[in-house]
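# Descriptive structure summary
Each chain, written out:
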Amino acid sequence: MIKNKIDLHLHLDGSLRPETVWELGREQDIVLPTKAKEELEGFLRVPEDCKSLTEYLQCFDLPLMVLQKAEAIERVVYELIEDLKEEGVIYAEIRFAPQFSTKKGLSQEQVVEAAIAGLNRGLKDFSSIKASLILCCMRGEGNEEENLKTIEVAGKYLGKGVCAVDLAGAEALFKTECYEGLFEKVRKLGLPFTIHAGEADGAESIKKALEFGAKRIGHGIRVIEDRELLEKVIREKITLEVCPISNLHTKAAKDVNSHPIRVLFDMGVRVTVNTDNRTVSNTSLDREYEFLKKYYQFQEKEIEKMNEYAKEAAFF
Ligand SMILES: [Zn+2]
């Protein structure tokens, strides 16, 4: 039994309970893709042999449709804290993009306030767990203002439920180098941050994130492609938020044998294990740990070491 479980890389919209999505859909008069409640799960979860990133990303359509109301956002944050507590997680950083919940009139600020309300209610009811929120800016076109708003709201609620910002989205299409200006502002505001890099794009993307000052990288597994960068990551004690099962689903790693987690850990990279999207990938920290034991012969002691790295890299 692994103690001190920590999940540093966990997306809210990919971790909703299927029955909650069902109920929220009905409450909000949203046309669901099936009339049978038990079939809904199939639209929120990738098949084990997920073929592509596109197939993976489709699983977020429905969650985002139901997350346009403050009550819904409050509820799912609360429920996720409850699910994490059930698993015995002691600390989690839950991330989401406020700009994705503004389609029906909520401002990003209202979205974040709703999430904080759910967080606070969860922390009050389930006192064995600690948690905080990371606000994601999104890669994309024409959303510069939304990203600036996200970091402004993060600044306002930093230390009051929010612990950091992130950059997520289509990394191969919208390169990390395009976000230099954004992270200059993030640094000016004194916001802690992590960046998704080295998942869909290669080592260059990680290099840029480090140039911006990132001390934590979301995934970052493609650091394995660049020896010099790998040495820098070790030397500068950069923490990688690795999500092994997700990496296989999104094809960041081609197959089980080509995932570099064992090599990275053995070389001394501060690797942490996380779930990314609990519902989409049908996973939990326990599942990730089992996966590591089965395919990469990780010992419990080594997994505990990774949780120590996670504790040291926590933003909270
Ligand atoms: Zn992620």
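Structural notes, computed from the coordinates. Computed from a predicted structure; not experimentally measured.

All right, on to the side chain of Arg278 then. With respect to the element layout, Arg278 can be found in the loop between strand 8 (270-273) and helix 13 (285-296). Residues contacting Arg278, with those up to four places away along its chain left out, are Asp7, Leu10, Gly14, Ser15, Leu80, Leu84, Glu87, Val89, Thr283, Ser284 and Leu285.

Here the focus is the side chain of Asp226. Here Asp226 lies in the loop between strand 6 (216-219) and helix 10 (227-235). A residue is classified by how much of its surface remains accessible, and Asp226, at 17% relative accessible area, is buried. With residues up to four places along the chain from it excluded, the contact list for Asp226 reads Ala203 and Lys207.

Strands in a sheet are paired, the pairing made by backbone hydrogen bonds, and the direction either parallel or antiparallel. Taking strand neighbours across the sheet as the criterion, the four strands line up as 5-6-7-8 in an open arrangement whose pairing is parallel. If you trace the sheet from one side to the other, it starts and ends with strand 5 (194-197) and strand 8, each paired once. With strand direction ignored, the average angle separating the axes of adjacent strands in the sheet is 30°. Here four bridges tie strand 7 (residues 239-242) to strand 8, and the two strands are oriented parallel to one another. Bridge pairing in strand 8 places Thr239 opposite Arg270.

What follows is about the coordination of the zinc ion. Distances from the zinc ion to its protein donors, His9 (NE2), His11 (NE2), His196 (NE2) and Asp276 (OD), fall at 2.1 to 2.6 Å. With four donor atoms in place around the zinc ion and angles of 82 to 171° between them, the coordination shape is irregular. Written as a sequence motif, the donor arrangement for the zinc ion is H-x1-H-x184-H-x79-D. Of the residues examined, His9 reaches a relative accessible area of 0% and is grouped as buried.

Calculation notes
- Residues numbered from 1 in each chain as written.
- Predicted model: local features only at pLDDT ≥ 70, side-chain atom pairs only at ≥ 80, totals over all residues.
- Heavy atoms only, no water.
- Helix = DSSP H or I, 4+ residues; strand = E, 2+ residues; numbered from the N terminus.
- Contact = heavy atoms within 4.5 Å.
- Buried < 20%, exposed > 50% of the residue type's maximum accessible area, 1.4 Å probe, protein only.
- Pairing = 2+ DSSP bridges.
- Axes fitted to C-alpha atoms, helices over the stretch in contact; angles between N-to-C directions.
- Donors = N, O, S within 2.8 Å, 3.2 Å for Na, K, Ca; no water.
- Tetrahedral: all angles 85-135°; square planar, octahedral: opposite > 155°, others 65-115°.

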